[in-house]
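Single-letter residue listing:
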Amino acid sequence: MTLLTYLRRKLGLTGTKLGCAEGGCGACTVMVSRYQTHTQQLLHYAVNACLAPLCSLHLVAVTTVEGIGSVARKLHPVQERIARAHGSQCGFCTPGIVMSMYALLRNNPTPKMADVEEAFQGNLCRCTGYRPILEGYKTFTVEGGCCGGKGRENGCCMANGNGAEKSSEEDTNEATPLFTATDFAPFDPTQEVIFPPELMSLTKGQRSGSLCFRGDRAVWLQPDSLDEFLRLKWEHPDARVVVGNTEVGIEVKFKNMVYPVILAPAFIPELNTVTHTEDGVVFGAACTLSHMGAVLKEMVKTLPPHQNEVFLAVLEQLRWFAGLQIRNVAAVGGNIMTASPISDLNPVFMAAGCKLTLMDKDGSRVVQMDDSFFTGYRKTTLRPQEVLLSIEIPYSKKNQFVSAFKQSPRREDDISIVTAAMSVTITPGTDVVEDLGLSYGGMAATTVLAKKTASRLLGRRWGEGLLEEACSSLAEEMTLDPSAPGGMVTYRQTLTLSLFYKFYLMVLQKLRAQGVNVAEVGADCLSAAEIYHPETPSSVQIYQAVPEGRSQDDAVGRPMMHLSALKQATGEAVYCDDVPLYENELYLALVTSSKAHANILSIDSSAAEQMPGVVCCVFADDIPGSNATGPIVYDETVIARHQVTCVGHIIGAVVADTQLHAQRAAKAVRIQYEELPAVVTIQEAIAAQSFYQPIRTIQKGDLEVGFKQADHILEGEMHIGGQEHFYLETNVTLAVPRGEDGEMEVFASTQSASKTQSLVAKALGVPANRVVVRVKRMGGGFGGKESRTTVLSTVVAVAANKLKRPVRCMLDRDEDMLITGGRHPFYGKYKVGFLNSGKVVALDVSYYSNTGNSMDLSLSVLERALFHMENSYSVANVRGRGYLCRTNLPSNTAFRGFGGPQGMMVTESWMNDVAQSLGKPSEEVRRLNLYVEGELTPYNQILDQFTLDRCWDECLSRSVYQERRAAVDLYNRQNRWTKRGLAIVPTKFGISFTAVFLNQAGALAHIYTDGSVLLTHGGTEMGQGLHTKMVQVASRVLGIPCSKIHISETSTNTVPNTSPTAASASSDLNGAAVQNACETLMKRLEPYKTKNPKGTWEDWVKAAYFDRVNLSANGFYKTPDLGYDFDSNSGRAFNYFSYGVACSEVEIDCLTGAHRNLSTTIVMDVGHSLNPAIDIGQVEGAFMQGLGLFTLEELHYSPQGVLLTRGPGSYKIPAFGDIPTQLTVSLLRDAPNDKAIFASKAVGEPPLFLAASVFYAIKDAISAARVESGISGPFRLDSPASAERIRNACSDRFTKLCPPAEPGTFRPWSVQV
Ligand SMILES: Cc1cc2nc3c(=O)[nH]c(=O)nc-3n(C[C@H](O)[C@H](O)[C@H](O)COP(=O)(O)OP(=O)(O)OC[C@H]3O[C@@H](n4cnc5c(N)ncnc54)[C@H](O)[C@@H]3O)c2cc1C
Ligand code: FES
Ligand code: FES
């Protein structure tokens, strides 16, 4: 059992969250404290509770988020500051982040910002964009306690908003603080909870004793001496050794491995000692990576530099090795013995010739860590009875140079694509190679040495000739099969050369520094040899403060903290899976298809039903009502009966007493399939003409005339990959039968309470009035919980109905990713006609979306893509067509932006092509084509109250665009292997559901006799702060402080027939409904106010009550004048538009494809903001999600339609380190919107697309790199602009040596869907 399961299920401590169960998200972070007897030290460290075996925690104190403070008792400053700094939106990541910070402060009460950033390497947040978290926690750091001193010249952030390094003085002076740090409770490290004295005395007095824990499938043996360990290993040669469990834990959880005997040697002194020898330093195999790092860091401080080369290489690899929580428990021996081909340390150990001491009961032997040590995929020469005792890492010698490299999709906490270490010894006083070790990970089934290349280079001089020979030799030696697992074959091969080139430059520099006569590294190449060091980000937020003199009770327009933020920071906020267990509750696990398209021949659940704890299985026949389901058309099954149409299609479920039992049994259900041909990719669908109907068209003007008028016509295409929502809280439902009249209560994490209600009722065959759906809050939604949640909720309700017992299911992260679909991948094809000036006069564009195996919301998503096909540009003659590709992938669905971002991404691609083909600055061409007030969109909607031009001009000036452009061009002239790029991109986003009937909302407000108000409305809270805004609205209308108003939850029995909380319109719709309800109440109270003008709110309420006035009112709102008709291309599609502009600057490493987000300036029109803190949070969060979409997040599917990326280990969302180094967000001033509540505007989705500025800045940088190779003009760059795509596009002498295999001649590991 893991610590997390124990905390949540046995102790009911639900503050610690489950986000992934694989150590990749940090939601489960707790602090572990241990008294180390041999050093007499008390150690505090953050760990992932999801990977910590409970058995490993003997004599250990565990501190959870509940243990450090609570709203009721007293908040810990770490909890208070993240909340008040607006660093908690949905709050699901917050306890983990709080505990990472807390553990840091326990060890170091005065940290630097760099320490804070390191502490968060293993924590993810999908909502906030990270900036406010760092901002809040800066207040604990030494560098000025706030803005790191950076803002000082313009005033400190504590007094003056948040400072920015290079932002204009104007920005900093305009910035108004979103929080006041001086209000924070002081942090007093002496007040922390002490290590339990009983544990201390138990640990001190403990006679070393071995431990043995027995479970139903495994026995955990914890020997206390080396001898016993060796004896046990002798007796149980198949026993699994476990230290940090960061590898074994994953094998057990995700690879179904069962290890009956586990040996846990973590506390054996010999395995933990560090010994300094003549040749180097010896680490016991159980030394944690954090400990090893700390020791090496100390050593490099004191040793002569030439001895440190290997140590520095190890430290370089450790810098980017997992997150701190993992490094705190993972052992060096565990990394070696896992023998992973992408281990980051093994290449260094191999290149440096480290020695391993292996031992069994009869003695020990020392082996060299070379390629004979690894005998195959995850295999070593270790004999079954042997264990690894220690590793010796040698000092480097004079004239030995060592470097290590790691290239991964994301810098922080990511596994390598290619990892390498290189060591060369040069004959003293010369430039002749005496010894060379080149070691690579990620290029074969094991870590390998490029022996042939190394031997060819022996005796050669370190110069251009050697480089050429090395490259051609490596290209021959480091080959990969085009079908190799992991894909990216050309990229990986190119990396082996590119990394060698970096090493070559580094060594040249060092040799020259020693006075050896080698070629000088040209100034333009210096940046290629630099080691990446992150910079602490700085930021500015600018918004219009409420006019002076406005009542303090009127919260509208003020940066009020999210109402649940404090509870979220203490772990007291209750999410669906935190609802305490019912006494007779059961757990459900899904049985899903492993085939993309197949007939089901048979289902055999007999073995599963015999397994411990299993109560029953649920299949299609158990559905009392209808098995047909779907949010708009019923084209899906609740449970497949005869045929499956995607991998992950639900075939049944197993219900058992615990999650573990249910999940184990679900794996034992046997299904026989008859496979059918599957369509997986958009291109396959186009070839097979596999489309859903209708095919949509929007057309305006005359294309033929337009193209005739054009001076130039160009054609192009682009693919935009899909995106996983990665809400930190996965899908979860608890269904509780009420025992009477078919009543069922469903607790769900859903954006669509009413849709869940109607689909559950349909499946159960009962009227909707028997089903109550309740949503307290979600740990993130982003569209992923708009429709796909019903799939799980319905199955859980069917099981609860069958058994008449409460049934719960929270999907594991891998199941959630597999089953619930995501953002639609899009393929766009365009033909664009334009004048010499750059003015676009004709556009013919076709969009193809990968819809998946059901319609879901895909038609509306596609329509929105079409509605955004011109983004913000006026094009007189235009035709857009949209095709829904029917494929055998899980149904894709709503995702923040709802097709808009994909639609606009293609627009920006042709806009970029136009500028590039004319050789004109892209911002000039964009500006030329921008709409102006009063123009018509292709769907004939007039653009009034148009603010985009203002946003554009403000963004140009705030980003100091022209100076930046000049600086970028200069940089690019001066640097060959790193290039900078700049782009400014606008967005125009239509606000309203395109399905007209959804543009309605209801609210219900009760005033109780004590004056308190209970408010309910149709929207759900998923972190976006909707409830907070609704309370602000009610507070203004009722004229009472927010503290008197409470929102408890969203439920179908208070406000019926609600629209999903989606389309960014929830504040508009529900806000107006709340206003309506509150105004009704105010009308009723009016006579009592008039009668007693000096009275209080409570007086009026009481008077009205005694006068028998109804103090409950409902409110309703529908957006007026909506209704677009595709056939006639008329009618209003949107209520209004939100506008924004962003300018981003990036730097790419042309050799590795890595990039850095240097700066982003966003100007966003949100009307009169209801709550600037929440709105800026939405802008930043959406921007970071877009950044993930366009630069990082890649879903890999096998050609057979199996999703290969099913967790944070393989699917990378942006982390703390991905924030632009400078981030400025400005909310446009004086831009009231008369079409929404209190002149505000929608904000949830519109800013997401602004991250396209980063993509096009990258494209700009790549163009600069291509110019170096003599290539100019438009080129295709698909999204995301991953490191692989960037590297491959920067074609140069190294890429030429690694040509890609001919498409069609091999079966790739993954396909572009
Ligand atoms: C989120 C996450 C991120 C990660 N990031 C990285 C990364 O960036 N780079 C990287 O290289 N790896 C990474 N890993 C892999 C893993 O953390 C490392 O391999 C780690 O060093 C394993 O150590 P451990 O103590 O946790 O191993 P365990 O899981 O306890 O054991 C791993 C294996 O080693 C064997 N073993 C351990 N000690 C001995 C011994 N003394 N004698 C014989 N056999 C032994 C075990 O039997 C087992 O097979 C990551 C893992 C996770 C979960
Ligand atoms: S749940 Fe433990 S790291 Fe994600
Ligand atoms: S607030 Fe971080 S995941 Fe939602």
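Residues numbered from 1 in each chain as written. Chains lettered and ligands numbered in written order. Predicted model: local features only at pLDDT ≥ 70, side-chain atom pairs only at ≥ 80, totals over all residues. Heavy atoms only, no water.

## What to know about the overall build of the protein chain
Put simply, the test is: Labels follow the DSSP assignment, with helices taken as runs of H or I lasting at least four residues and strands as runs of E lasting at least two, numbered in each case from the N terminus. Our radius of gyration is a C-alpha quantity, and the globule rule it is checked against amounts to 2.2 Å times the number of residues to the power 0.38. The classification of residues rests on relative accessible area computed with a 1.4 Å probe and restricted to protein chains. Under 20% of the type maximum is buried, over 50% is exposed, and intermediate values are partly exposed. Any two residues whose heavy atoms approach within 4.5 Å are treated as being in contact. Exposure was quantified through the Shrake-Rupley algorithm and a 1.4 Å probe, taking into account, for residues, occlusion by the shown protein chains and nothing else. The charge count includes Lys and Arg as positive and Asp and Glu as negative, but it does not include His or the ends of the chains. Taken as the charge centre is NZ of Lys, CZ of Arg, CG of Asp or CD of Glu, depending on the residue.
The helix and strand tally for the protein chain stands at 39 helices and 45 strands. Here the protein chain has a C-alpha radius of gyration of 31 Å; the compact-globule value for 1313 residues is 34 Å, and the two agree. Taken along the three principal axes of its C-alpha coordinates, the protein chain extends 95 × 75 × 70 Å. Classification of the 1313 residues of the protein chain by burial places 65% in the buried group. Residue pairs at least 24 apart in sequence account for 77% of intrachain contacts in the protein chain once pairs closer than 6 positions are excluded. Split by element, the accessible area of the protein chain, about 45200 Å² in all, is 52% carbon and sulfur. Distance from the positive charge centre (122 side chains) to the negative charge centre (135 side chains) of the protein chain: 2 Å.

## Regarding helix α18 (residues 464-477)
The cut-off we apply is this: Each helix should span, by expectation, one fewer than its residue count multiplied by 1.5 Å.
Taking 1.5 Å per residue as the helical rise, α18 with its 14 residues ought to reach 20 Å, and the 20 Å between its terminal C-alpha atoms agrees with that figure. Buried within α18 are the following residues: L466, L467, A470, C471, S473, L474 and A475. Residues of α18 that are buried make contact with β17 (433-441), α17 (451-457), α19 (489-513) and α39 (1293-1296).

## Examining the packing of helix α29 (residues 900-918) against helix α37 (residues 1252-1268)
Put simply, the rule reads: Think of each axis as a best-fit line through the C-alpha atoms, taken over the contacting stretch in the case of a helix, with angles from 0 to 180 degrees between the N-to-C directions. Small angles under 35 degrees read as roughly parallel and large ones over 145 as roughly antiparallel, with 65 to 115 read as roughly perpendicular and the rest as oblique. Throughout, a crossing is termed right-handed when the near helix is turned clockwise from the far one, and left-handed when it is turned anticlockwise from it by less than a right angle. Gly is placed with the polar residues, together with every amino acid not listed as nonpolar (Ala, Val, Leu, Ile, Met, Phe, Trp, Tyr, Cys and Pro) or charged (Asp, Glu, Lys and Arg).
Look at α29 against α37: their axes get within 11 Å of each other, and the N-to-C directions meet at 30 degrees. On the basis of their axis angle, the class for α29 and α37 is roughly parallel. Here α29 and α37 pass one another in a crossing that is right-handed. Contacts from M905, E908, S909, N912, D913 and Q916 in α29 reach A1252, F1255, Y1256, K1259 and S1263 in α37. Its residues assigned to classes, the contact of α29 with α37 shows four nonpolar, four polar and three charged.

## Brief notes about the sheet that holds strand β36 (residues 877-886)
Test applied: Strand pairing is assigned whenever DSSP detects at least two bridges linking the two strands.
Taken in spatial order, the five strands line up as β28-β36-β35-β34-β29 in an open sheet, and their pairing is mixed. Taken across any chain shown, the strands that pair with only one partner, and hence form the sheet edges, are β28 (691-700) and β29 (712-720). Strand after strand, the sheet turns through a mean of 10 degrees between neighbouring axes, direction not considered. Relative to β36, strand β35 (residues 840-852) is paired through 10 bridges, and the arrangement is parallel. Opposite L843, over in β36, you have V878 as the bridge partner. Packing against the sheet, helix α28 (residues 858-867) makes contact with β28, β34 (826-834), β35 and β36, and its axis sits at approximately 155 degrees to β36.

## Let's talk about the sheet that holds strand β15 (residues 400-407)
Spatial ordering of the open sheet is given by β15-β16-β17-β18, a layout of four strands whose pairing is antiparallel. Because the sheet does not close on itself, it has two edges, and the strands there are β15 and β18 (448-449). Pairing of β15 with strand β16 (residues 418-426) involves eight bridges; the strand directions are antiparallel. Considered in β16, the bridge of S403 is made with M422. Each of β15 and β16 touches helix α13 (residues 309-319); the most contacted strand, β15, lies at about 10 degrees to it.

## A few points about the site of ligand 1
Note the threshold: Think of it this way: one heavy atom of a residue within 4 Å of a molecule or strand is enough to make that residue near it. The term polar contact refers here to a pair of N or O atoms within 3.5 Å; inside protein, the definition further demands a hydrogen-donor-capable atom paired with an acceptor-capable atom, and it admits residues adjacent in sequence only when both atoms are side-chain atoms.
In the vicinity of ligand 1, 30 residues are found, and the nearest of them are V241, V243, G244, T246 and D344. Residue N245 places a main-chain N or O atom 2.9 Å away from an oxygen atom belonging to ligand 1. A331 has a polar backbone atom sitting 2.8 Å from an oxygen atom of ligand 1. Coverage of ligand 1 by the protein chains reaches 93% of its 990 Å² of free accessible surface. Counting residues per element, the ones that place at least two in the shell around ligand 1 are β6 (240-241), α15 (332-338) and β14 (387-394). Residues that form the shell around ligand 1 fall into these classes: 15 nonpolar, eight polar and seven charged.

## Some words on the pairing of strand β31 (residues 744-748)
Inclusion rule: A right-handed crossover is one whose linking path, passing over the helix from the first strand to the second, runs clockwise when the strands point away from the viewer.
Taken across its five residues, β31 has five buried, putting it largely inside the fold. A two-sided burial pattern is seen for β31, the buried positions comprising M744, V746 and A748 on one face and E745 and F747 on the other. Two elements, strand β30 (residues 732-737) and β31, share five bridges in a ladder whose sense is antiparallel. Residue pairing across strands places L734 opposite F747, the latter belonging to β31. Count of turn residues in the β30/β31 antiparallel hairpin: six residues, of which G739 carries a positive phi of about 85 degrees. Of the pairings in the sheet, the one linking β31 to strand β32 (residues 771-775) comprises four bridges and is parallel in character. Pairing of M744 across the sheet is with V771, part of β32. On the question of chirality, the crossover connecting β31 to the parallel β32 by way of helix α25 (residues 753-764) is right-handed.

## Things to note about the environment of A598
Turning to its location among the elements, A598 is positioned in strand β21 (residues 598-604). For A598, a relative accessible area of 0% gives the class buried. As a C-alpha pair, A598 and T1191 span 593 residues in sequence and 35 Å in three-dimensional space. Apart from residues lying up to four places away in sequence, A598 is in contact with H642, Q643, V644, Y673, E674, E675 and L676.

## Quick notes on the packing of aromatic side chains
How we decide: Working definition: a ring pair exists when centres of Phe, Tyr or Trp rings (six-membered ring for Trp) sit within 6.5 Å. Plane angles under 30 degrees give stacked, over 60 give edge-to-face, the rest tilted. Counting as a charge over the ring demands two things of the Lys NZ or Arg CZ atom: a distance within 6 Å of the ring centre and an angle within 35 degrees of the ring normal.
According to the stated counting rule, one finds 37 aromatic pairs in the structure shown. Taking the centre distance of 4.3 Å and the plane angle of 40 degrees together, the rings of Y130 and F1216 count as tilted. In this pair, Y130 is assigned in the loop between α5 (113-119) and α6 (131-138) and F1216 in the loop between α36 (1172-1191) and β45 (1222-1227), connecting sequence segments 1086 residues apart. Judged by relative accessible area, F1216 falls into the buried class, the value being 4%. Centre to centre, the rings of F1255 and Y1256 are 4.8 Å apart; their planes meet at 70 degrees, and the pair counts as edge-to-face. Here the two residues F1255 and Y1256 agree in accessibility, since each one is buried. Aromatic ring contacts, followed pair by pair, group F867, Y939, F946, Y1124, F1126, F1134, F1137 and Y1139 into a single cluster. When the ring centre of Y634 is taken as reference, the NZ or CZ atom of K762 above it lies at 3.9 Å. In this structure, R926 packs its charged tip against the face of Y1256, placed 5.6 Å from the ring centre.

## Examining the UniProt feature "binding site: Mo-molybdopterin" (unreviewed entry) in the protein chain
Applied cut-off: UniProt positions are given in the numbering used here, feature names are shortened, and annotations may be inferred rather than shown by experiment.
In the numbering used here, UniProt assigns the "binding site: Mo-molybdopterin" (unreviewed entry) feature to Q751, F782, R896 and A1063. A maximum C-alpha distance of 12.4 Å places the annotated residues, which cover 313 residues in sequence, within one compact spot. Relative to the helices and strands, Q751 resides in the loop between β31 and α25. Take Q751: its relative accessible area is 2%, and that puts it in the buried class. Residues in contact with Q751, not counting those within four places in the same chain, are M778, G781, F782, G783, G784, K785, E786, T1020, M1022, P1060 and T1061. As for its placement among the helices and strands, F782 is situated in the loop between β32 and α26 (789-803). In contact with F782, not counting residues within four places along its chain, are R126, C127, H725, Y727, Q751, A894, F895, R896, M1022 and Q1185.

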